[in-house]
Amino acid sequence: MAHFTKATSVKDWLNQRLAIEKVEKVMASEYWIPKNINFLWAMGMVLVITFVLLLVSGIFLLMYYQPSVGMAFDSVNYTIMREVGFGWLWRHVHGVAASVVFLIIYIHMFTGIYYGSYKKGREMIWISGMLLFIAFSTEAFSGYMLPWGQMSYWAGMVITNLFSGGSLHADGLVEWIRGDYVPAQAFLTRFFMLHVLLVPIAIMGLIGLHFAALRIPHVNNQDGDEIDFEAESKKYLDGDKAGSKVMRFANDFMSKDMMVVGVYLVFFFYLVFYNYGFAMDPVNFDPADGLKTPAHIYPEWYFLWSYEILRPFNIDLGLALFGFAQVIFVFLPFLDRSPNSVPASRRGAFKYWFWGMLIVMIVLTAMGKLPPEGMFSTIGLVAAIIFIAMWIALPIITSLEKKL
Amino acid sequence: MESNSRRGFMGKAFGAVAAVGAVGSLVAMKSSWDPLPSVKAAGFTTLDMSTYEENELITEKWRGKPIFVLKKTAAMVASQTDAQKERDVVVDGMHFMLAIGLCTHLGCIPAYKGEKDGFLCACHGGQFDWAGAVTKVPPPRGFDIPPFKIDGNKLVLGEAGPEYTKMKETGITL
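Note that the coordinates shown come from a computational prediction; the quantities given were computed from them, not determined experimentally.

Q: Quick question: what am I supposed to make of the overall build of chain A here?
A: Helix and strand content of chain A: 16 helices and two strands. Over its C-alpha atoms chain A spans a radius of gyration of 24 Å, differing by no more than 12% from the 22 Å that the globule rule assigns to 404 residues. In terms of overall dimensions, chain A has C-alpha extents of about 70 × 60 × 45 Å along its principal axes. Here chain A holds 404 residues, and 51% of them are scored as buried. Entry remark: accessible area of chain A is about 19,100 Å², with carbon and sulfur atoms responsible for 70%.

Q: I keep staring at the domain arrangement of chain B and nothing clicks. Help me out?
A: Many authors give the size of an interface as the accessible area that is lost as the parts come together. Domain annotation for chain B reports domain 1 (2-34) and domain 2 (41-169). Between domain 1 of chain B and domain 2 of chain B, the C-alpha centre-to-centre distance is 50 Å.

Q: What is the right way to read the domain arrangement of chain A from this model?
A: All names here are of chain A. According to the domain assignment, chain A contains domain 1 (1-30), domain 2 (32-297) and domain 3 (305-404). Its C-alpha centre places domain 2 at a distance of 23 Å from the equivalent point of domain 3. When domain 2 packs against domain 3, the two sides together hide about 2,500 Å² of surface, and 67% of this comes from carbon and sulfur. Its largest share of buried area at the contact with domain 3, domain 2 owes to Phe110, Tyr114 and Lys119, together 26% of the area lost on that side. Summed over the shared surface of domain 2 and domain 3, the result is one salt bridge. Lys119 is paired through a salt bridge with Asp336; the nearest N and O atoms lie 3.3 Å apart. Viewed at the interface, domain 3 and domain 2 are joined by ten residue pairs in polar contact (both at pLDDT 80 or more). Of all the elements in the fold, those that place two or more residues in the side of domain 2 that touches domain 3 are helix H5 (87-114) and helix H6 (123-145). Of the residues contributing to the side of domain 2 that touches domain 3, the split by class is twelve nonpolar, eight polar and four charged.

Q: Looking at this structure, I do not really get the nonpolar core. What am I missing?
A: Proteins that are soluble and globular tend to have nonpolar side chains buried together. Membership of the largest hydrophobic core comes to 150 residues, with the highest contact counts inside it found for A:Ile113, A:Phe329 and A:Phe387. Element by element, the count of residues in this core is highest for H5(A), at 14 residues.

Q: Help me out: how do you make sense of the UniProt feature "domain: Rieske" (unreviewed entry) in chain B in this one?
A: Per the UniProt annotation, the sites labelled "domain: Rieske" (unreviewed entry) are residues 103-157 of chain B. Within residues 103-157 of chain B, the helical portion is 0% and the strand portion 31%, while the C-alpha atoms at the span's ends are 19 Å from each other.

Q: How do you make sense of a nonpolar patch on the surface when you look at a structure like this?
A: Residue and element names in this part refer to chain A. A surface patch of nonpolar side chains, amounting to about 710 Å² of accessible area, comprises Val52, Leu55, Val56, Ile59, Phe60, Met63, Tyr64 and Met204. Here the nonpolar patch gets five residues from one element, more than from any other, and that element is helix H3 (residues 43-62). One can find Tyr64 in the loop between H3 and helix H4 (72-83). Under the relative-accessibility criterion, Tyr64 is labelled partly exposed at 43%.

Q: What should I look at first to understand the packing of aromatic side chains in this one?
A: Aromatic rings considered in pairs are described by the distance between their centres and by the relative angle of their planes. Overall, the coordinates contain 45 aromatic pairs over all chains when judged by the stated rule. A ring pair is formed by A:Trp353 and A:Trp391, whose centres lie 5.1 Å apart and whose planes are at 85 degrees; its orientation type is edge-to-face. One end of the pair, A:Trp353, is in helix H15 (residues 350-369); the other, A:Trp391, is in helix H16 (residues 374-399), with 38 residues separating them in the sequence. Given the relative accessible area of 4%, A:Trp353 is considered buried. Linked through ring pairs, A:Trp41, A:Phe110, A:Tyr114, A:Tyr115, A:Phe354 and A:Trp355 together constitute an aromatic cluster. The ring of A:Phe350 is capped by A:Arg347, whose NZ or CZ atom sits 3.8 Å from the centre of that ring. Over the ring of A:Tyr181 we find B:Arg63, and its NZ or CZ is 4.1 Å from the ring centre.

Q: Teacher, can you tell me more about the sheet that holds strand S3 (residues 65-71) of chain B here?
A: Sheets are built from strands paired through backbone hydrogen bonds, the pairs being either parallel or antiparallel. Residue and element names in this part refer to chain B. Taken together, four strands build an open sheet; the order of strands is S2-S3-S5-S4 and the sheet is antiparallel. Edge positions in the sheet fall to strand S2 (57-62) and strand S4 (89-91), since each of these pairs with one other strand and no more. Sheet twist, expressed as the average angle between the axes of neighbouring strands with direction ignored, equals 35 degrees. Pairing of S4 with strand S5 (residues 94-100) involves three bridges; the strand directions are antiparallel. Pairing of Val91 across the sheet is with Met94, part of S5.

Q: Please explain the interface of chain A and chain B as it appears in this structure.
A: Residue-level contacts link 29 residues of chain A with 30 residues of chain B. Together, the buried faces of chain A and chain B total about 2,600 Å²; carbon and sulfur atoms form 68% of this surface. The largest per-residue losses of area from chain A upon contact with chain B belong to A:Trp176, A:Tyr181 and A:Leu291, which jointly make up 28% of the total buried on that side. At the boundary of chain A and chain B, one finds zero salt bridges. Inspection of the chain A/chain B interface yields five residue pairs in polar contact (both at pLDDT 80 or more). Those elements that place two or more of their residues in the side of chain A that touches chain B are helix H7 (150-161), helix H8 (171-178), helix H9 (185-215) and helix H12 (304-310) of chain A. In terms of residue class, the side of chain A that touches chain B is built from 19 nonpolar, five polar and five charged.

Rules behind the numbers
Residues numbered from 1 in each chain as written. Chains lettered and ligands numbered in written order. Predicted model: local features only at pLDDT ≥ 70, side-chain atom pairs only at ≥ 80, totals over all residues. Heavy atoms only, no water. Helix = DSSP H or I, 4+ residues; strand = E, 2+ residues; numbered from the N terminus. Rg over C-alpha atoms; globule rule 2.2 N^0.38 Å. Buried < 20%, exposed > 50% of the residue type's maximum accessible area, 1.4 Å probe, protein only. Areas by Shrake-Rupley, 256 points an atom, 1.4 Å probe, with all protein chains shown as cover. Domains from an automatic or database assignment. Buried area = accessible area lost by both parts, 1.4 Å probe. Salt bridge = Lys/Arg side-chain N within 4 Å of Asp/Glu carboxyl O. Polar contact = N/O pair within 3.5 Å; in protein donor to acceptor, adjacent residues only side chain to side chain. Nonpolar A, V, L, I, M, F, W, Y, C, P; charged D, E, K, R; others polar. Core = buried A, V, L, I, M, F, W, Y, C linked by side-chain atoms within 4.5 Å. UniProt positions renumbered as here; feature names shortened; annotations may be inferred. Patch = residues over 30% accessible without salt bridge, like charges linked within 9 Å, V, L, I, M, F, W, Y side chains within 5 Å. Phe/Tyr/Trp six-rings, centres within 6.5 Å; stacked < 30°, edge-to-face > 60°. Lys NZ or Arg CZ within 6 Å of the ring centre and 35° of its normal. Pairing = 2+ DSSP bridges. Axes fitted to C-alpha atoms, helices over the stretch in contact; angles between N-to-C directions. Contact = heavy atoms within 4.5 Å.

Given below as C-alpha cells:
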C-alpha cells in the first residue's frame with residue numbers, strides 16, 4: 001500500500017492523492033516552448049478559446065432549441081432570438097465562432113505548412129490536426145442543418161447526395177444516412193445528435209491526441225532549429241534563463257499566448273456585436289421547403305474551395321477530385337520529400353509552391369461563391385486543375401530540393 | 001507454458017465472444033438508421049391525371065420529393081424523337097412527362113423555362129429538355145422517373161406497374 005503522511009496543506013493533501021504537482025509540471029511549468037516563435041504559434045490557444053466559446057454558447061442554445069422539423073426554425077428565430085434573455089448573444093457568439101474558427105484553423109494550418117512543422121517526427125501532430133479539421137467540418141455541417149431554413153435543407157440534400165457516389169447510384173446508402181427519402185425528421189434528429197454529442201466527443205478526444213502528439217517532438221520554431229530540449233530545459237532549471245533556448249509554457253509563454261488571445265477576443269466580440277450578419281446566410285431565414293430550391297446554392301465560405309473543385313467536372317470525376325482535395329492534406333508529411341523543416345522562404349521551389357497553393361485556394365474560394373457561369377466557371381476549372389497539378393508536383397519539386 | 005496457453009485460450013475465447021457482440025451491435029445500429037416503417041408506408045401518392053392543363057408544369061409531392069407532371073401538347077407529341085417517346089407516360093391517350101424533379105447531379109430542383117428552353121438547374125448549370133433528358137452536363141442522366149402504376153386515368157406513385165417496369169428494364173430510368 002502506498003505510504004501517506006499527515007498533510008501539511010490542502011495542496012499537499014491533494015498532491016498525495018492526485019499527484020497534482022507532477023501534473024502541473026507535465027502540463028505547464030516543465031512543458032518547454034522554444035523562445036524563437038512568433039504570434040502565429042498562439043493560434044492553437046486561440047482555437048482552444050474559440051472552442052470553449054462554441055461549447056458554452058452551444059449549451060445555452062441547446063436548452064431552447066427544438067429538434068423537430070415543425071418547430072426548429074421558430075425555436076431558433078423566434079424563441080432564442082426574441083424571447084430567451086440574451087438568447088441572441090449565444091446565437092451570435094455560436095454563429096460567429098463557427099465561422100471564425102475555420103479562419104483560425106486555416107491560419108494554423110498554413111503556419112504549419114510554411115514553417116515545415118509537419119515533418120521529421122512531427123507527422124502525428126499534422127495528422128491529428130487534419131483529423132480535427134475533418135471533425136470540425138462534420139460539426140459545422142451538422143450544425144448548419146439545425147435552424148432548418150432553406151439553405152440548411154438544401155445543403156443537407158446536396159451534401160448527402162454526394163454519398164450516392166455519382167454513377168454508383170448508391171441511393172440506398174443516401175436514404176439510410178437520411179432515414180428518409182429526403183431530409184426530414186429522422187435526418188434532423190440524427191444530425192442534432194451528431195452535432196451536440198458524438199462529434200463534440202470526437203473533437204475533444206482528438207484535441208487530447210493533438211496535444212499529446214506535441215509533447216514528445218515539441219513545437220517547431222521560426223528558424224527550424226533542432227533544439228535539444230533536455231539540455232536546454234536543464235540549463236533553464238539551473239538558473240540560466242537567458243541562455244536557454246526554451247522557456248516554461250506556464251506562466252512564461254502563456255502570457256504571450258494570452259496577449260494574442262486578448263487581441264483576438266476584441267476582434268471576435270466586435271464581430272459578434274456589430275458584424276454578426278456575415279455568419280448568417282439570408283437564405284436561411286426562409287423556413288425549409290422541399291419543393292423549392294433557392295436560386296443559388298453555395299456552402300459557407302470555408303468550404304467554398306473544395307466545393308469549387310467538385311463543380312466544373314462531370315459528377316464522377318468531380319466527386320473523385322473532391323475526395324482527393326479532402327484527404328490530400330493529410331498526406332502532406334509524406335508528399336514533401338525534402339528533409340528541410342525550415343521556413344518556406346529558405347527553401348527552393350517549395351517557396352513558390354506554398355504561395356501558389358494559398359493563391360489557388362483563395363481563387364477557388366472566390367469562384368465557388370460566384371454563379372457557375374461563363375468566365376467564372378472557366379477560372380474555377382483552371383484553378384481546380386492547378387490545385388490538383390500542384391499536389392502531384394509536390395513530391396517531385398521537394399525531392400529536387402537540396403538539403404540545407 | 002501451460003498457463004500461457006490457458007491465457008491464450010481465454011484471450012481467444014473472449015475475442016470470439018466480443019466479435020459476435022460487436023457484429024450484433026453493428027446490425028442493430030445499421031437498422032436503427034433505416035427509414036422507419038411509417039416513413040416507408042407513407043410513400044404512396046395517387047394523382048388524377050385528367051386534371052392537368054397542357055404545357056403547364058405542375059409539381060406534386062411524393063416521398064417529400066417534388067414530382068414534375070407536364071401534360072404535352074399535340075405539337076409536342078408530334079415533334080418527339082423515339083428516345084423522347086420512350087420516356088412518355090401515356091394515361092388514357094394523354095402524353096405526360098412524369099419525373100422526380102430533382103437534378104440527377106446533386107438534387108436541386110431545376111426550374112421550367114418553357115417548351116423551348118426546358119429545365120434549368122441554377123445550382124450547377126445543368127439543363128434538361130421537356131422530355132426530361134439531359135441537354136447540358138453536369139447531370140449524369142435524365143430525370144429519374146418515379147415508380148408508377150396506371151389505374152384508369154389515375155396514377156399511383158410508389159407502386160411499380162408494367163409500364164414502369166419496362167422503362168426500368170430498358171434503362172430509361174434507374
